[in-house]
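# Structural description and commentary
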Amino acid sequence: MAEAEAVPQGQKQSWGQFLKQLASLSGDLYSMTAPPFILSPVSLTEYPSYWCERPELFAAIADGKTPEDRALRVLKWFISTLKGQYTSRNEKMGSEKKPLNPVLGELFFGTWPDYNGRGQTNLYVEQVSHHPPITGYYIENPTKGVALQGHCAQKTSFSSGSIIGKNVHDVLRRSTSDARSLTVKQVGHAILGVKLPDGTVEDYLITLPSLRIDGIFYGAPYIELTNTSWIASSTGWVSNIEYKGKGWVSGKSHQYKALVTPPGSSTPAHTIEGLWHETSKDSRGVPFHDVRGPKEEVSVKDLEEQDDMETRKLWQHVAKGIRTGDFEAASREKTKIENDQRQRRKDEAAAGTLWQLKYFTHVDEDPTYTKLVKLCKGVPDKEDAYIFQKPAA
């Protein structure tokens with residue numbers, strides 16, 4: 001792809017300056033201003049909705065009759081979320097976009113209604129930290145007894161002159177001198193709970209894949225998953241997922257291979273391979289997942305019904321400016337929001353108070369993570385968490 005094909009004529013200069021900043025960066029990436037054509041009109045707080053754009057698969061986890069069956073259903077649901085999380089913006093907007101950086105306390109709520117007896121699924125998201133940016137989320141289907149709780153953090157660190165990023169959308173690592181490719185390590189995890197008929201809860205630890213962002217040099221960034229991630233169940237079933245992408249010369253994009261092993265064994269009971277953004281099959285050739293069909297967007301209240309801190313109402317004028325190409329208006333409205341946030345933090349500091357989260361409580365160590373991570377390899381043995389506090393009815 002030639003640079004001219006992806007970068008608008010009027011923005012080539014700003015894009016060149018952006019690449020130079022990447023190549024010589026010695027500070028915080030959050031201070032960098034991306035060229036307008038690569039900005040998204042969507043805040044990062046909306047991204048947890050990608051976990052459940054196929055709510056029928058989320059609900060179906062509870063229908064598994066055995067620990068093995070449920071482990072396979074969890075894997076199928078998880079693989080089916082990857083397309084939405086990592087390639088949907090390329091299909092919709094032509095390339096990966098930089099999302100709006102959420103403010104502290106920003107909220108996002110949504111639902112997927114009951115359909116064919118699957119039950120309603122509810123989504124709660126709160127920006128639980130601004131420096132560093134951390135998004136907490138909780139997704140539940142009370143009818144089926146399935147719930148997902150997790151967080152995704154954005155941090156940067158530096159090593160040997162390279163930028164090591166720990167979130168796909170805002171943090172990047174320079175892997176070549178001309179910023180052709182950037183590698184990313186995500187931080188955070190999710191815990192999926194399934195309430196069984198006997199009242200007990202079966203837990204699953206879900207770790208996050210690493211990423212590589214290609215196409216930066218040409219102004220058309222896209223995401224490729226790399227390395228491995230894990231799904232570890234309290235029953236002892238473990239899925240080890242290996243990701244491979246297209247190389248510089250050959251290969252297919254978005255490949256994965258999952259090995260599903262039973263409790264106390266190192267021999268896989270199931271091997272599943274394919275393209276996570278399309279289809280895959282098990283070792284017998286039986287179809288496993290297929291996400292080529294339409295997804296189901298989350299339903300959100302109208303703007304006039306939303307609180308001022310709900311993301312679509314908060315960013316409505318910025319989003320309009322980006323969508324219509326009025327980047328001057330978008331920048332002006334964005335500055336208003338940022339200045340308001342700075343003033344709030346100053347007022348809190350003067351009063352000796354801290355911002356109080358509405359839906360999540362921070363804990364230094366997630367006991368479920370600590371227990372289940374022993375079944376995984378190459379991941380931290382402890383992590384903190386943000387525990388959802390369900391609002392009163």
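Figured I'd write up the structure that's included with this text.

### Some remarks on the side chain of Thr207
Within the secondary structure layout, Thr207 lies in strand β11 (residues 201-207). A distance of 2.8 Å separates a polar side-chain atom of Thr207 from the backbone nitrogen of Trp230.

### Regarding the nonpolar core
Residues Trp77, Phe78, Leu148 and Leu192 are the most contacted members of the largest nonpolar core, which totals 45 residues. Here the element with the most residues in this core is helix α4 (residues 67-86); it accounts for nine residues. Excluding its chain neighbours within four sequence positions, the residues that come into contact with Trp77 are Trp51, Leu57, Phe58, Ile61, Leu148, Leu192 and Ile206. Counting 22 residues, the second largest nonpolar core, distinct from the first, contains Tyr124, Tyr138, Ala330 and Ile337.

### So, the pattern of salt bridges
Enumeration according to the criterion identifies 17 salt bridges in this entry. We note a salt bridge from Asp63 to Lys144, for which the minimum N-O separation is 2.9 Å. Pair noted here: Asp63 is in the loop between α3 (55-60) and α4 and Lys144 is in the loop between β5 (133-141) and β6 (146-153), with a separation of 81 residues, a long-range link. Ionic pairing is found between Lys336 and Glu333, a salt bridge with its closest N-O pair at 3.4 Å. Taken together, the residues Lys336 and Glu333, both in helix α8 (residues 327-351) and three residues apart, mark about one turn of the helix.

### Re unusual backbone geometry
Each neighbour pair has its own omega, and for His131 with Pro132 the value is 0 degrees, a cis peptide bond. Located in the positive-phi region is Asn116, a residue other than glycine, with phi close to 55 degrees. Tracing the backbone shows Asn116 in the loop between β3 (107-112) and β4 (121-130). We classify Asn116 as exposed; its relative accessible area is 71%. A positive phi angle, near 65 degrees, is found at His254, a position not held by glycine. The exposure class of His254 is buried, given its relative accessible area of 9%.

### Quick look at the packing of aromatic side chains
Two measures describe an aromatic ring pair: the distance that separates the ring centres and the angle between the ring planes. This structure, assessed with the given rule, holds 13 aromatic pairs. Each ring, one from Trp51 and one from Phe78, has its centre 6.2 Å from the other, and the planes form 40 degrees; the classification is tilted. Taken together, the residues span a long stretch of sequence, with Trp51 in the loop between β1 (39-43) and α3 and Phe78 in helix α4 at a distance of 27 residues. The same class applies to Trp51 and to Phe78, which are both buried. Between Phe109 and Tyr124, the ring centres sit 6.1 Å apart and the planes meet at 75 degrees, which makes this aromatic pair edge-to-face. Here Phe109, found in strand β3, pairs with Tyr124, found in strand β4; they are 15 residues apart in sequence, far enough to count as distant. For Tyr124, a relative accessible area of 15% gives the class buried. Every member of this aromatic cluster is reached through a ring pair, and the members are Phe109, Tyr124, Tyr138, Tyr359, Phe360 and Phe388.

What counts and how
Residues numbered from 1 in each chain as written. Predicted model: local features only at pLDDT ≥ 70, side-chain atom pairs only at ≥ 80, totals over all residues. Heavy atoms only, no water. Helix = DSSP H or I, 4+ residues; strand = E, 2+ residues; numbered from the N terminus. Polar contact = N/O pair within 3.5 Å; in protein donor to acceptor, adjacent residues only side chain to side chain. Core = buried A, V, L, I, M, F, W, Y, C linked by side-chain atoms within 4.5 Å. Buried < 20%, exposed > 50% of the residue type's maximum accessible area, 1.4 Å probe, protein only. Contact = heavy atoms within 4.5 Å. Salt bridge = Lys/Arg side-chain N within 4 Å of Asp/Glu carboxyl O. Phe/Tyr/Trp six-rings, centres within 6.5 Å; stacked < 30°, edge-to-face > 60°.

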